[in-house]
Amino acid sequence: MKKTGLFLTAFFIFAMNMNAQSLDDKYLSKVQTLDSTIETLYGVISGKKGEERNWELFNYLFHPDAKLIPTGKNQAGVIGATFLSPQDYIDRAAKMLVDIGFFEKETHRTEDTFGNITQIFSTYDSFNHESMDKPFARGINSIQLLNDGERWWIINIYWMQESPEAPIPEIYLSKK
């Protein structure tokens, strides 16, 4: 009986390691630089109406303890934050993104790095389809990342949508 338990434990460890290697083989190039990581983030949530997103790649971008944190006013007008795991975000947003079509495009970025950590303020425009001239929403993603020597991991994305009470400051707008 002990041999069977030991075999099953070894098998599961081997299988988990093989899956991690397989994901690295598929996606490691997408998290080698800050630019590729942020480009992949915006690309993986964007897509036409009816187009499924690559949630495997989305999850690969994030550290296992990462959080996605939208902020804003609730219906009672109280400002707050919601703390989501990447899977919580998928559970909440996947159907909507496919049903309406959604493209988020980075329009400006500020970046600060110290050692192996980076903080990015990434201004974004949101569209339902690529041919829209005017975004239906704008905001700023505050993205914290870690480089472990092998790749970049998204640790948190903390964001706020622009509103009449809180317009995006000029310093975070494109200089076009």
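Because the structure is predicted, anything quoted here is derived from the model rather than measured. (Residues numbered from 1 in each chain as written. Predicted model: local features only at pLDDT ≥ 70, side-chain atom pairs only at ≥ 80, totals over all residues. Heavy atoms only, no water.)

Q: Explain the overall build of the protein residue by residue, including any values.
A: If you tally the helices and strands in the protein, you get four helices and six strands. Seen in sequence order, the protein has helices and strands lined up from the N terminus as α-α-α-β-β-α-β-β-β-β. Sequence-distant contacts in the protein: of pairs separated by 6 or more residues, those separated by 24 or more amount to 54%. When the accessible area of the protein is evaluated, it comes to approximately 11100 Å², of which 58% is carbon and sulfur surface. (Helix = DSSP H or I, 4+ residues; strand = E, 2+ residues; numbered from the N terminus. Contact = heavy atoms within 4.5 Å. Areas by Shrake-Rupley, 256 points an atom, 1.4 Å probe, with all protein chains shown as cover.)

Q: Tell me what's going on with the side chain of Ser 122, and back it up with residues and numbers.
A: Here Ser 122 shows up in strand β4 (residues 117–127). A polar contact is formed between the side chain of Ser 122 and the side chain of Tyr 42, at a distance of 2.5 Å. Side chain to side chain, Ser 122 and Glu 106 meet in a polar contact 2.7 Å long. Those residues within four positions of Ser 122 in sequence are excluded, and the remaining contacts are Tyr 42, Glu 106, His 108, Gly 139, Ile 140, Asn 141 and Ile 143. (Polar contact = N/O pair within 3.5 Å; in protein donor to acceptor, adjacent residues only side chain to side chain.)

Q: Could you give an account of the packing of aromatic side chains, with specific residues and numbers?
A: Scanning all chains against the criterion turns up eight aromatic pairs. Measuring from centroid to centroid gives 6.5 Å for Trp 55 and Tyr 89, while their planes differ by 65°, and the two rings are edge-to-face. Of this pair, Trp 55 sits in helix α3 (residues 55–61) while Tyr 89 sits in helix α4 (residues 86–100), placing them 34 residues apart in sequence. With relative accessibility at 14%, the residue Trp 55 sits in the buried group. Ring geometry for Phe 121 versus Tyr 172: centroids 5.0 Å apart, planes at 55°, classification tilted. Of this pair, Phe 121 sits in strand β4 while Tyr 172 is found in the segment after β6 (152–161), placing the two residues 51 residues apart along the sequence. These aromatic residues form a ring-pair network of at least three members: Trp 55, Phe 58, Phe 62, Tyr 89 and Trp 159. Over the aromatic face of Tyr 60 sits the side chain of Arg 151, whose NZ or CZ is 4.3 Å from the ring centroid. (Phe/Tyr/Trp six-rings, centres within 6.5 Å; stacked < 30°, edge-to-face > 60°. Buried < 20%, exposed > 50% of the residue type's maximum accessible area, 1.4 Å probe, protein only. Lys NZ or Arg CZ within 6 Å of the ring centre and 35° of its normal.)

Q: Describe the layout of surface pockets, and please don't skip the residues or the numbers.
A: Reported here for the largest pocket is a volume of approximately 760 Å³. As for the largest pocket, its lining consists of 33 residues, and the residues nearest its centre are Pro 70, Tyr 89, Tyr 124, Trp 159 and Gln 161. Taken together, the elements giving at least two residues each to the lining of the largest pocket come down to α2 (34–45), β1 (62–73), β2 (79–81), α4, β4, β5 (137–147) and β6. Among the elements that make up the lining of the largest pocket, the one with the highest residue count is α4 (six residues). Here the lining of the largest pocket is composed, by residue class, of 22 nonpolar, eight polar and three charged. (1 Å grid on protein atoms, 1.4 Å probe; cavity = no way out; pocket = protein on both sides within 12 Å on 5 of 7 lines; lining within 4 Å. Points joined across faces, edges and corners; volume = space filled by probe spheres on them. Nonpolar A, V, L, I, M, F, W, Y, C, P; charged D, E, K, R; others polar.)

Q: So what about the sheet that holds β1? Which residues, and what values?
A: The strands making up a sheet associate through backbone hydrogen bonding, with each pair oriented either parallel or antiparallel. Strands sit in the order β2-β1-β6-β5-β4-β3 across an open sheet of six strands; the sheet is mixed. Both edges of this open sheet fall to β2 and β3 (103–114), since each of them pairs with a single strand only. Neighbour-to-neighbour, the strand axes of the sheet open up by a mean angle of 15°, direction not taken into account. The pairing of β1 with β2 spans three bridges and is antiparallel. Across the sheet, residue Lys 73 finds its bridge partner in β2, namely Ile 79. (Pairing = 2+ DSSP bridges. Axes fitted to C-alpha atoms, helices over the stretch in contact; angles between N-to-C directions.)

Q: Before we move on, could you go through the nonpolar core and cite the residues and values that matter?
A: Core analysis: the biggest nonpolar cluster contains 32 residues, and Phe 58, Phe 62 and Tyr 89 have the highest contact counts within it. Secondary structure elements with two or more residues in this core: α1 (2–27), α2, α3, β1, α4, β4, β5 and β6. Here the element with the most residues in this core is α2; it accounts for six residues. (Core = buried A, V, L, I, M, F, W, Y, C linked by side-chain atoms within 4.5 Å.)

None of this, on its own, says anything about what the molecule does.
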